[in-house]
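Structural features, examined
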Amino acid sequence: MTLGRLNHVGVATPSIERSIAMYRDLLGATDIGEAFDLPAQKVRVCFVDLPNSQIELLEPLGADSPIAKFLEKNPAGGQHHLCFEVPDIHAAAAEMTARGATVLGEPRIGAHGTPVLFLHPKGTGGVLVELMESPAH
């Protein structure tokens, strides 16, 4: 497995609208996508495009959302995960398991429309890591 570029930093937020305003008005972000629901992941998502990466804003779609659980511990929100691109998600899952990482569930389609999986933070220095199959573009 070859670890690719940092695709995005996932940021949990209780309000995508307030977070968009902060990135736009305080930090000067100008390339902000439309928010959309991702019911399979139980989140509402919005991407803030940067010259070298993206910020993925994540708002829970319900009380059973993983983001709702994160916000219970961190009510103001905050960094949720780092996402790195990999060339083949299934090969990455097999290699991560062989190396002793805990892969959380099976690969599923993420917000970019490509397969993703998550590695448990206990094996990755306390950081939730998302691996994403590199988009075709």
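As shown above, the structure is provided for reference.
Note that the coordinates shown come from a computational prediction; the quantities given were computed from them, not determined experimentally.

Attention now moves to a nonpolar patch on the surface. On the surface, Met 22, Leu 26 and Leu 27 cluster together to form a nonpolar patch covering roughly 310 Å² of accessible area. Relative to the assigned elements, Leu 26 resides in helix 1 (residues 16–26). Of the residues examined, Leu 26 reaches a relative accessible area of 63% and is grouped as exposed.

Helical geometry note: an α-helix holds 3.6 residues per turn, so side chains three or four residues apart project in the same direction. Taken together, the buried positions of helix 2 (residues 66–73) are occupied by Ile 67, Ala 68, Phe 70 and Leu 71. Each buried residue of helix 2 lies within a common arc of 160° when the element is viewed along its axis, so the set occupies one face. Relative to its buried face, helix 2 has exposed residues pointing more than 90 degrees away, namely Glu 72 and Lys 73. Looking at the buried positions of helix 2, the neighbouring elements they touch are strand 1 (6–12), strand 3 (43–49), strand 4 (54–60) and strand 5 (78–86).

The next point concerns the environment of Gly 33. For Gly 33, the location among the structural elements is in the loop between helix 1 and strand 2 (36–38). On the basis of relative accessibility, which here comes to 32%, the residue Gly 33 falls in the partly exposed class. Along the backbone, Gly 33 and His 112 are 79 residues apart, and their C-alpha atoms lie at a distance of 12 Å. Apart from residues lying up to four places away in sequence, Gly 33 is in contact with Cys 46 and Phe 47.

Attention now moves to the pairing of strand 3. Counting buried residues along strand 3, five of its seven residues qualify, which places the element largely inside the surrounding structure. Alignment of strand 2 against strand 3, held across three bridges, turns out to be antiparallel. When the sheet's bridge partners are listed, Phe 36 is paired in strand 3 with Val 45. Linking two consecutive strands that pair antiparallel, namely strand 2 and strand 3, is a turn of four residues; a positive phi of about 65° is found at Lys 42 within it. As defined by bridge partners, strand 3 adjoins strand 4 across seven bridges and the pair is classed as antiparallel. When the bridges of strand 4 are listed, Asp 49 appears paired with Gln 54.

The rules behind these values
- Residues numbered from 1 in each chain as written.
- Predicted model: local features only at pLDDT ≥ 70, side-chain atom pairs only at ≥ 80, totals over all residues.
- Heavy atoms only, no water.
- Patch = residues over 30% accessible without salt bridge, like charges linked within 9 Å, V, L, I, M, F, W, Y side chains within 5 Å.
- Areas by Shrake-Rupley, 256 points an atom, 1.4 Å probe, with all protein chains shown as cover.
- Salt bridge = Lys/Arg side-chain N within 4 Å of Asp/Glu carboxyl O.
- Helix = DSSP H or I, 4+ residues; strand = E, 2+ residues; numbered from the N terminus.
- Buried < 20%, exposed > 50% of the residue type's maximum accessible area, 1.4 Å probe, protein only.
- Arc of directions from axis to C-beta.
- Contact = heavy atoms within 4.5 Å.
- Pairing = 2+ DSSP bridges.

Keep in mind that these numbers describe shape and distance, not what the molecule does.
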